[in-house]
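Residues per chain are reported as follows:
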Amino acid sequence: MRSQKVPETGVVPSGTAAVADERATLRVWVGFIAMSIGMFMAVLDIQIVASSLPELQAALLIPLDRLSWVQTAYLSAEIVAIPLTGWITRVLTLRAAFTLCVLGFTGASAMCAAADGFWALVPSRIVQGFFGGFLIPLVFSAVFLMFEGSARVRATMVAGIMAMLAPTLGPTVGGFITDRLSWHWLFLINVPAGIIVAGLAQWGVSVGRSDRHAHRIDLSAAPFLALFLAGLQVVLSEAPKEGWGSPSVLSLVAMGLASGLITLWRCVHHPVPLVDLSSFRQPNLAVACVFSFVLGTGLYGATFLLPLFLGIVRHHDPFEIGLIMIVTGATQLAIAPFATILEQRVDRRFLTACGYALLAIGLLGNGFATPADDFWELFCQQAARGAAFMLCLLPTTALALNDFPQDEVPNASGLFNLMRNLGGSIGLAVITTLIEERTPGHVAALVERLQAGDRATAQFVGLPLDRFTGQPLGPVDQETRDLVAPLVEQAGLTLAINEAWLLLGGAVLCSLLLVPLFRRFGRWR
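Residues numbered from 1 in each chain as written. Predicted model: local features only at pLDDT ≥ 70, side-chain atom pairs only at ≥ 80, totals over all residues. Heavy atoms only, no water.

Draft legend 1. A look at the layout of surface pockets. Reported here for the largest pocket is a volume of approximately 1500 Å³. Forming the boundary of the largest pocket are 40 residues, of which Ala50, Leu53, Gln71, Phe304 and Leu308 lie nearest the centre. Listed by contribution, the elements that provide at least two residues to the lining of the largest pocket are α2 (26–50), α3 (53–60), α4 (69–81), α11 (222–242), α13 (283–313), α14 (318–345) and α17 (409–451). For the lining of the largest pocket, the element with the most residues is α17, which contributes eight residues. Partitioning the lining of the largest pocket into residue classes produces 21 nonpolar, 14 polar and five charged. (1 Å grid on protein atoms, 1.4 Å probe; cavity = no way out; pocket = protein on both sides within 12 Å on 5 of 7 lines; lining within 4 Å. Points joined across faces, edges and corners; volume = space filled by probe spheres on them. Helix = DSSP H or I, 4+ residues; strand = E, 2+ residues; numbered from the N terminus. Nonpolar A, V, L, I, M, F, W, Y, C, P; charged D, E, K, R; others polar.)

Pasting the structure below:
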């Protein structure tokens, strides 16, 4: 078939799906896939580093109490950048914004690889996270600015796979790189890939024009937005360790609330706000953002809890953990074509309900684990979550962004993706606090039941059953205590992790109550 010239705006004209597919030329698809790979790099960089923090700590002599800042710095900067997507797109155009951000991310990755200590690494991670934060909403904006009809559905599938697959593959890739090469390559791998992606995006993407009136945007709100979002991320990361009532945490909360109120006031009252909150007047976006928040808690919660269980309770190394977790990623890839077909033929509200119900099943199923569970005992739950992620993302993304004019899509996309990251951050803080608070109580309860001779408890912990007959055991010698203590601690941690899984699954189940609030549009949607 002869290719047709794409208009200078890069936006496919409205019309039938067949016409839209015809005009979505190879050049457009190459540019979009390059953008999706850039987004994949940014999302992957969170998990790929998380699995190798001990190696970074040893190589750069980072104090243990500061090690979490390697991740916190990235996430804080990323979460500040996401809602600014609308602004940067108006100033630079989609192509220029993406090219600048992927090159900034690439340069910061090289700076991270060259770091020789904590104070060199953390500023580099801030720059890396800031530029990486733009890439996710820019790609989802491109879906709605560059494609129409069935081509848009396929583009959403590609973006969804990249966004959801990266957290699952992170531990595998990070473990492999660290085992085979060195920690430097966790960052150096981004450099050639980033340069290629920038070149292909510059060649293949051509969407819109810069806004000559962009200088009127309320940039004075930017520092307050940064203080609010970065402060929130720091609080959520540090409070479980420092204590929610500590003076430092309370000071950060007060500063964040004040900055948030100032940001809100300026975004509501300024004629050209930095972040246009009026997008929330679109009912579907408001409801979809709640689902995006819940999806973030499920996605990032699962990619935290499962490695924690496999590493501490099952004693797997990072590479083995990645191989076990690849079940989720493989299922995502397998279900993606079917999800794409369903998204075109089934009411999106019904598909959203099915996706989130399946996600809840996958989360709740892990809430009944024992310390002996391993690959096969965790297989079905991972498969359910892998299948659910695409069914959750595709319809809610369409419901969130389909009703907006093209010039408003980047701002709405930023808000939609911000909620997913906020959901992940808040969910991680909640489950981290829950695990730290509940584990000691579970350990004490297990010890009490073991001393009473409870056979079921002994079986759960993994102890020989010959001495457990339902009668009190009596005095236990120190050697036996030392032998049993690690098993009891692991069992107590397992019970606390189970509660976290059940909490996540319960939150997802509750979100199903909001499905009827989506407004119907289109022939079946």
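Draft legend 2. Up close: the nonpolar core. In terms of nonpolar packing, the biggest core is built from 137 residues, with Phe32, Met39, Leu94, Phe98, Met146, Phe187 and Leu359 touching the most fellow members. Look past the residues within four positions of Leu94 in its chain and what remains in contact with it is Met35, Thr89, Leu138, Ala142, Leu145, Met146, Val205 and Val207. Grouped together as the second largest cluster of nonpolar side chains are ten residues, Leu450, Ala458, Val461 and Leu463 included. (Core = buried A, V, L, I, M, F, W, Y, C linked by side-chain atoms within 4.5 Å. Buried < 20%, exposed > 50% of the residue type's maximum accessible area, 1.4 Å probe, protein only. Contact = heavy atoms within 4.5 Å.)

Draft legend 3. Focus on the side chain of Thr328. Mapped onto the elements, Thr328 comes out in helix α14. If we ignore the near neighbours within four places in the chain, the residues touching Thr328 are Thr168, Gln382, Arg385, Gly386 and Phe389.

Draft legend 4. Looking closely at empty space enclosed by the protein. A full pass over the atoms with the stated rule returns three cavities of 30 Å³ or more. Roughly 70 Å³ of internal volume is contained in the largest cavity. Every residue along the wall of the largest cavity is listed here: Thr168, Leu299, Ala302, Thr303, Leu306, Met325, Thr328, Gln382, Arg385 and Phe389. Going through the elements one at a time, α13, α14 and α16 (375–401) are the ones with two or more residues in the lining of the largest cavity. Looking at the lining of the largest cavity element by element, the count peaks at four residues for α13. Looking at the lining of the largest cavity residue by residue, the class counts come to five nonpolar, four polar and one charged.

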